Amino acid sequence: MTDTLSSPSSPSGDPIVEIIDTADERASDTIEKRTLGLGFWLCIGWLVFICGLAALAPILPLKDPDENFLQFEEKESALTGRVTEAPVQPPYGPSAEHWFGTDLDARDMLSRTIYGARVSLVVGFAAIAFGMLVGGSLGMVAGFVGGWFDRVVSFCFLVLLSFPALILAILITSLASRSLFTIALTLGILSVSPVGRLARAATLVFAEREFVTAARTLGAKPSRIIRREILPNVMIPMSALALLGMAVSIVAEGALAFLGLSVEKGSTWGKLIRTAVNSTSDLESAPWMAFTPIGFLFLTVMALNFAGDRLRDYFDVKELSI
Amino acid sequence: MAAADANNEPLLVVEDYEVGFRTERGLARAVDKVSFELDRGETLGIVGESGSGKSVLNRGIMGLVSSNRMIEDGSVLFDGGQMVNRNRQEFWGAKIGMIFQDPMTSLNPVMKIGKQIFEPLRQHLGLDKGEAETRAIELLTQVGIPEPARRIKQYPHELSGGMRQRVMIAIALAAEPEMLIADEPTTALDVTVQKYILDLLRQLQLDRGMAMTLITHDLGVARGRTDNVMVMYGGRVMEHAPTDTIFAEMRHPYTEALLASVPSLKHAKHTRLTPIPGAPPDIVNPPPGCRFSPRCKYAQPKCTEQAPELNEGEHRYACFYPVGTDASAEALEKNMAQGHTATGLKIGLAPAKAAG
Amino acid sequence: MMILLLIAVSMLTFAAMSFLGDPLFNILGPVAGDTENPENLAKIEAAKEQYYLDKPLPERYARWAGDFVTGDFGVQFSTDGQPPVSGLLKERLPRTLQLMLMAQFLALAIAIPWGVVTASRANGVVDRASTFTSFMFVSLPNFALAVILFYIFALKLDWLPDTYHATDPFWGLTHRHRLVQLVLPAFTLALPGASVYQRLLRTDLITTLQEDFILMARAKGVPKWRVLFRHALRPSMFSVITIFGINAGALIGGALVVEIYFRIPGVGTAIVEAVLREDFPVVLALVMVIATAFVVLNFIVDVFYTFLDPRVRR
C-alpha cells in the first residue's frame, strides 16, 4: 500500500494503525497541560534578560549608541604617493569590536538595538497595562452587573474591535503629537477591547460559581465581591492574555514605526528596521542593520507569545478567550 | 461465490487470537487467546458486559483499532487468508461490513445520505453515479426506508434514529460483504425500534447467506436471532454454544448471571433483576485463576488457583463447577453455609426473595 | 446591529477627525492661518461654506452620512477639490482587494494540506516541526517578514523582482507581470494567516478524527486520503472560517504595511497618505469602506456556516 499517512508501528512493522493514535494524543495533551515545560522558562529567561539589558543599559559596559565609531585605514594617495589615514565608508559588518556591525553612521548596532528595546518594551508594557486597567475593570463590572451597562460596554468593545487596529492607531497617532505617552496610550486603547471581552466572559463564568453566590447570600457588597472573589480568578486567564497582548503591542509599535508614525524622539526597534530597509541597496550590502533589530524583536515577541500560550494551556482557559 | 469445496470450510477461523494494549501500568490484554469459528451464513451472538473484549475482538479482527499501542497475536483466517498483523483495508466494506452502535454519530453529519451510500458502491463495485443511485434506492428499500429517492437527498439529522440505523445497515451491505459485524446495533435506539432493526438484520442475513457477528451486552437480544452464542468475560471466552442450547442449559455462572441481570422482553413483567456484584476485571492485572471467580457465587478455592480451560465440542464452557450440575449445587450450598465464597464475596438469601 | 455598528464607527471617526485636525490648512494651505488679510478671510469663509465647516458637528455628520449612503463619498480636501473620493477608491480598491484575495487564498491553500497532514500524524516528527514553524510565522511581525522575504527571494536568490512600480504603470502592466509583483506581498500576508489556520484546523481535525463517522467511513472501505479530505475536513473548518473573518481585520493592517513597503498604490497607501495630510473625507471614506467590508465579511462568514453544517439550516 502506498499510504503515506499511516504510521507503521505494529511489532511486525506492518502498517496496521489507521488515521491517528487517539490515545497518544490525549495522553500527551494531558501531560503537557500539567507542567509549563522547559520552553516556558526559556522564554521567561529571555524576557528577563532583555528587560534587564534594557533597564540597566546606561550602567552596563555598552558602547554609546550615538557615538560614531569611524574606522580608519591607511591609504596611499595615487597622486602624491603619500600615505594618509582615511575613514572607511560605514556601515561596518559584524566584528569582534561591533558584534552586530554598525549602521550608516558607524554607530554600534547592538547598543542601538538595546537602547531601542527601552522604548519598545516600555510602550508594549504601558499599553497592555492600560488595557488591563481600563478594559479589565470595565469588562468585569459589565459582566458582573449586567443590564444596560453591560450592553453599552459590550457594544463599545465591538465598535472598537470593528476598526482594523492599525488604522485606528494611525488615526490617533496622526492627529496627536507622537510622544511616548501618545503612542502607549493609543496602543493601550487598542488593547482595551480584547482584554475587556475576556474579562467580561470570565466574570460571567465566575459570577455563577458557588463561592460568589455564597458571598452574595452573606450580604457582601458588589464592589467587595468583585475585588475579593472575582478579580483573583479573572486574573489567571488575564495573565496569559497580558503576555500575548504585550507581544501584540510591541508589534503594533513596530508597524507604526515602520510607517513612520511612532515616537519622534529616541529609537525603537521599528524605527531601526525602517531606517535599515529604506533603501534596497543598503539592505543588500548591510543586512545586519535590519536583521539585528528584527532578531531581537522576533525573539522577544516569540517568547511572549510562547509563554502566553503555555500559560493559557496551563490554566486551560481557551474556552474563555472568545 | 467461492468454490463449492470452500463453502464447507468455515468463513472465519480464529485461533488463539490476542489483542493487547501497551499502557503505563503494563500490557492490557483486551482479548486473551480467543478461538472460534464462524461458518458462512451463520449468525454468532457475542455477548458480554462492557470491557469484556467483545468489541475489541471484532475491531481487532477487522484491523480497525486505531492505536499504535495495540499489539495482536494468534491467527485469524478469513476465507483461508491470514488477517493478523497486516493491513486489512481491502476487506473493509468489500468483504466485511460493519455497523456501529450509535447511528446519531456514525453517519457524517455534513454529507447527504445518498453520497454516503454511493461511496462503497463506487469504491468496491465500480458503479458510475447513475448506477450507484439506482442501487442505493434499492438498498434503502430493502432496509425498509420509505421514499428512498427523497431520502438520499437528505442529511442524517433529518432522519429519526431508527431510520439512520437502517441507512447504516444499507451502507454496510452496499458492497455485498460476506460477513457483517454488527456492534451493538440497537443499544442507542428506542426500545420500540430495537426489535425491528434486529429482525431486519436477521432477515437480511438469511436472505443473503451472509455471516454475521452480533455484538451485544444483552443476552436476550441474541435469543431467536442467532445460531450460536459466545459469552465473553475479561477478554476470554466463557461459554460458546448453539443459541437454543445456551438458553436451555447454560453452563457458565457468568452466563447465568448475565441473563438474570438484563431485563428481557420475554420475561414476566415483575421479574426481579439480579445485578452482578462487583466490577469487570482489571485486564492489566487480572485476578488469578478464573477471571469471574471474584464475582461468582459458586467460587471455590480451586477457582482462584487455576483457570479452567474451555472444553471441546459443540457446547464449550470454561468452568469447574458448571451450572446445572451436582458440582455447582454442592459448591453453592457450601458457600451459602459459610456465608461467603472462596473469593470472599458475601452471599446469602435476599431478604424478600420472590418465591418461585 | 450591523448598521448600528457602522454608524457608531463612522461617528467616532468623524468626531476624532473634526476635533483633532484642522482641515482648513489642507484646503487653502498657509492662507488658512492668515486671518488678518481680508482677501484670505473671504477665501476661508468660502471654503468653510463649501465644505460645511461652519456648520455644527451633528449637521455636518448628517450631511456626510446622507451623501455616503447615496454613494457620494465627497471630494478630497485639496486646493482644487479633485479628484472625488469615489474616483480614488475606484482606482485603489481593486489593487488592495486583489492583494488580499491572493493572500487569503494562499493562506488557505497552504493551511489546509498542512493541517490535514499534521493532524493525521499528530505528535509525529512533521507535526512537532510544524508546531515550531507556525509559531515562528505567527511571531514574526509582517513588516519583518516582508523584509526577510524580500531579502531572501528578491535580493539573494534573485527569483523575484526587487523593484516595485510606484504608481501608474502598475495597473497598465500585463497580468502576468502584475501577479509576479504581488507574489512577495501576498506571501508576506499569507504565511502568518496560514499558520493560524493550520493550528486551528489541526486541533479541530484531531477532534473530528475521533468521531464515530470517521471510523464508519474507514470501515466501509473509503481510502484514507478521501476520509481525511472528504469526511473529516468539512466538519473541521468551523474555527478556520470564524477566524477567517476576524483575520481579515489583521490582514487590512498587514496590507497597509505591505503596500507601503512594496510601494503598491492601494487603499493602505492611500489611507496613510490621507492621514498624513489630514484629508478628512478620504480618511473617513476609507475607514468606512474598510469597516463595512469587515462587518459584511463577518456576516458572510455566518452564512457560510450553514453551507458547512446543514444542521444549522432552519
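About the thresholds
- Residues numbered from 1 in each chain as written.
- Chains lettered and ligands numbered in written order.
- Predicted model: local features only at pLDDT ≥ 70, side-chain atom pairs only at ≥ 80, totals over all residues.
- Heavy atoms only, no water.
- Helix = DSSP H or I, 4+ residues; strand = E, 2+ residues; numbered from the N terminus.
- Rg over C-alpha atoms; globule rule 2.2 N^0.38 Å.
- Buried < 20%, exposed > 50% of the residue type's maximum accessible area, 1.4 Å probe, protein only.
- Contact = heavy atoms within 4.5 Å.
- Areas by Shrake-Rupley, 256 points an atom, 1.4 Å probe, with all protein chains shown as cover.
- Lys, Arg positive; Asp, Glu negative; His and termini not counted.
- Charge placed at Lys NZ, Arg CZ, Asp CG, Glu CD.
- Expected span 1.5 Å × (residues − 1).
- Core = buried A, V, L, I, M, F, W, Y, C linked by side-chain atoms within 4.5 Å.
- Domains from an automatic or database assignment.
- Disulfide = S-S within 2.5 Å.
- Buried area = accessible area lost by both parts, 1.4 Å probe.
- Polar contact = N/O pair within 3.5 Å; in protein donor to acceptor, adjacent residues only side chain to side chain.
- Pairing = 2+ DSSP bridges.
- Axes fitted to C-alpha atoms, helices over the stretch in contact; angles between N-to-C directions.
- Parallel < 35°, antiparallel > 145°, perpendicular 65-115°, else oblique.
- Left-handed = near helix turned anticlockwise from the far one by under 90°.
- Nonpolar A, V, L, I, M, F, W, Y, C, P; charged D, E, K, R; others polar.
- Salt bridge = Lys/Arg side-chain N within 4 Å of Asp/Glu carboxyl O.
- Bend = angle between axes of the 7 residues up to and from the residue.
- Patch = residues over 30% accessible without salt bridge, like charges linked within 9 Å, V, L, I, M, F, W, Y side chains within 5 Å.
- 1 Å grid on protein atoms, 1.4 Å probe; cavity = no way out; pocket = protein on both sides within 12 Å on 5 of 7 lines; lining within 4 Å.
- Points joined across faces, edges and corners; volume = space filled by probe spheres on them.

Student: Any chance you could explain the overall build of chain B here in plain terms?
Tutor: Each helix and strand counted, chain B has 13 helices and 11 strands in total. Relative to its length of 356 residues, chain B is compact, with a C-alpha radius of gyration of 22 Å against a globular reference of 21 Å. Summarising its shape, the C-alpha atoms of chain B cover approximately 75 × 45 × 45 Å along the three principal directions. Considering chain B as a whole, with its 356 residues, one finds that 53% of them fall into the buried category. Expressed as a percentage of contacts within chain B between residues at least 6 apart in sequence, the contacts between residues at least 24 apart total 66%. With the model as given, the accessible surface of chain B reaches about 15500 Å², and the carbon-plus-sulfur share is 51%. Looking at charge distribution, chain B has the averaged site of its 39 positive side-chain charges lying 7 Å from that of its 44 negative ones.

Student: Got a minute to help me understand the environment of Val 263 of chain A in this structure?
Tutor: All names here are of chain A. Relative to the helices and strands, Val 263 resides in the loop between α8 (222-258) and α9 (269-277). Relative accessible area serves as the criterion here: at 4%, Val 263 is assigned to the buried category. Along the chain, Val 263 and Ser 177 lie 86 residues apart, while their C-alpha atoms are 8.8 Å from each other. Those residues in contact with Val 263, other than ones at most four positions away along the chain, are Val 119, Arg 178, Ser 179, Leu 180, Ile 183, Thr 268 and Lys 271.

Student: Is there a simple way to explain helix α4 (residues 113-125) of chain B in this structure?
Tutor: Residues that lie three or four places apart on an α-helix share one face, since the helix turns once every 3.6 residues. Here α4 of chain B contains 13 residues, and its C-alpha end-to-end distance of 18 Å stays within 8% of the 18 Å for a straight helix at 1.5 Å per residue. Of the residues making up α4 of chain B, those classed as buried are Ile 113, Gly 114, Gln 116, Ile 117, Phe 118, Glu 119, Pro 120 and Leu 121 of chain B. Lining the buried residues of α4 of chain B we find α5 (129-142), α6 (148-151) and α7 (161-173) of chain B together with α11 (224-232) of chain C. Just downstream of α4 of chain B lies Gly 126 of chain B, where phi reads positive at about 65°.

Student: Whenever I open this one, the nonpolar core confuses me. Can you help?
Tutor: For soluble globular proteins, nonpolar side chains are generally found buried alongside one another. Of all hydrophobic cores here, the largest spans 166 residues; its most connected members are Ile 170 and Leu 283 of chain A together with Val 147 and Tyr 261 of chain C. Ranked by residue count, the leading element in this core is α8 of chain A, at 16 residues. Residues from two domains meet in this core; each of domain 1 (2-72) and domain 2 (86-313) of chain C gives at least three. Among all residues touching Leu 283 of chain A, those that are not within four sequence positions of it are Ala 276, Val 277 and Ala 290 of chain A together with Val 147, Phe 150, Tyr 151, Leu 155 and Tyr 261 of chain C. Within the second largest apolar cluster, 76 residues are counted, among which are Val 65, Met 83, Met 163 and Ile 215 of chain B.

Student: Would you mind going over the state of the cysteines with me for this structure?
Tutor: Put plainly, a disulfide is one covalent bond tying together the sulfur atoms of two cysteines. Tallied over the full model, the rule gives 0 disulfides over all chains. Cys 303 of chain B provides the cysteine sulfur closest to Cys 290 of chain B, a residue in no disulfide bond, and the two sulfurs are 6.1 Å apart.

Student: Teacher, can you tell me more about the domain arrangement of chain B here?
Tutor: The accessible area lost on association of the parts is a frequent measure of interface size. Residue and element names in this part refer to chain B. Here chain B is partitioned into domain 1 (39-60 + 91-233) and domain 2 (249-338). Each of domain 1 and domain 2 has a C-alpha centre, and these two points are 32 Å apart. With 13 residues of domain 1 at the interface, the matching set in domain 2 holds 16 residues. Buried surface at the junction of domain 1 and domain 2, both sides included, amounts to about 1200 Å², of which 67% is carbon and sulfur. Interface area lost by domain 1 to domain 2 is led by Glu 49, Leu 219 and Tyr 233, which between them contribute 49%.

Student: Can you walk me through the side chain of His 315 of chain B in this structure?
Tutor: Residues and elements named next belong to chain B. Among the structural elements, His 315 can be located in the loop between α12 (301-305) and β11 (316-317). A polar contact of 2.7 Å, which involves the side chain of His 315, links it to the side chain of Glu 239. When residues no more than four places from it in sequence are discounted, the contact partners of His 315 are Glu 239, His 240, Ala 241, Thr 245, Glu 249 and Arg 251.

Student: Explanation requested: the sheet that holds strand β5 (residues 81-82) of chain B in the structure shown.
Tutor: Backbone-to-backbone hydrogen bonds join strands into a sheet, with any given pair of strands oriented parallel or antiparallel. Residues and elements named next belong to chain B. One open sheet holds the 4 strands; their spatial order is β2-β1-β4-β5, and the pairing between them is antiparallel. Here the strands that pair on one side only, and so sit at the sheet edges, are β2 (26-38) and β5. Helix-sheet contacts for helix α2 (residues 54-62) involve β1 (12-23), β2 and β4 (70-78), and the interaxial angle to β1 is about 105°.

Student: Before we go on, may I ask you to explain the pairing of strand β3 (residues 43-47) of chain B in this structure?
Tutor: If a strand is regular, its side chains alternate between the two faces of the sheet. Residues and elements named next belong to chain B. Here β3 lies mainly inside the structure; 5 of its 5 residues are buried. Across 5 bridges, β3 lies against strand β8 (residues 211-216) in parallel orientation. Each bridged residue has a counterpart across the sheet, and for Thr 43 the counterpart in β8 is Met 212. Sheet analysis places β3 next to strand β9 (residues 228-233), joined by 4 bridges and oriented parallel.

Student: I would appreciate a short explanation of the packing of α7 of chain B against helix α8 (residues 191-208) of chain B in the present structure.
Tutor: The description of two helices packed together rests on the angle between their axes and the distance between the axes. All names here are of chain B. As a packed pair, α7 and α8 sit with axes 10 Å apart at the nearest point and diverge in direction by 15°. Here α7 is positioned roughly parallel relative to α8, judged by the angle of their axes. Where α7 crosses over α8, the handedness of that crossing is right-handed. Here Gly 162, Gln 165, Arg 166, Ile 169 and Leu 173 of α7 lie close against α8, whose contacting residues are Val 193, Tyr 196, Ile 197, Leu 200, Leu 201, Leu 204 and Arg 208. A class-by-class count of the residues in the contact of α7 with α8 yields 8 nonpolar, 2 polar and 2 charged.

Student: Help me out: how do you make sense of the interface of chain B and chain C in this one?
Tutor: Each partner contributes to the interface: chain B provides 27 residues, whereas chain C provides 21 residues. Between chain B and chain C, roughly 2200 Å² of surface is buried when both sides are summed, and carbon and sulfur atoms account for 60% of that area. Together, Pro 109, Val 110 and Glu 119 of chain B form the three largest contributors to the area buried by chain B at its contact with chain C, with a combined 25%. Between the two partners, chain B and chain C, sit 2 salt bridges. The tally of links between chain B and chain C comes to 10 residue pairs in polar contact (both at pLDDT 80 or more). Among the secondary structure elements, those contributing two or more residues to the side of chain B that touches chain C are α2, β6 (96-99), α3 (103-106), α4 and α7 of chain B. In terms of residue count, α4 of chain B provides more of the side of chain B that touches chain C than any other element does, 6 residues in total. Class assignment of the residues belonging to the side of chain B that touches chain C gives a composition of 14 nonpolar, 9 polar and 4 charged.

Student: Please explain helix α6 (residues 180-207) of chain A as it appears in this structure.
Tutor: Its 28 residues give α6 of chain A an end-to-end C-alpha distance of 38 Å, which sits within 8% of 40 Å, the value for a rise of 1.5 Å per residue. Remark: the principal bend of α6 of chain A, roughly 30°, maps to Val 192 of chain A, with a proline, Pro 194 of chain A, within the next four residues.

Student: For this particular structure, what's the right way to read a nonpolar patch on the surface?
Tutor: Residues and elements named next belong to chain C. A cluster of nonpolar side chains, namely Val 296, Phe 299, Ile 300 and Val 303, defines an oily patch on the protein surface of about 330 Å² accessible area. For Phe 299, the position within the fold is in helix α14 (residues 280-308). By relative accessible area, Phe 299 is classed as partly exposed at 45%.

Student: Help me understand empty space enclosed by the protein, please; the structure alone is not making it clear to me.
Tutor: Rolled over the atoms, a probe as big as a water molecule pinpoints where empty space is left. A complete count under the given rule lists 4 cavities of 30 Å³ or more for this structure. Lining the largest cavity, in full, are His 252, Pro 253, Cys 290, Phe 292, Ser 293, Cys 296, Tyr 298, Ala 299, Cys 303, Cys 319, Phe 320 and Tyr 321 of chain B.

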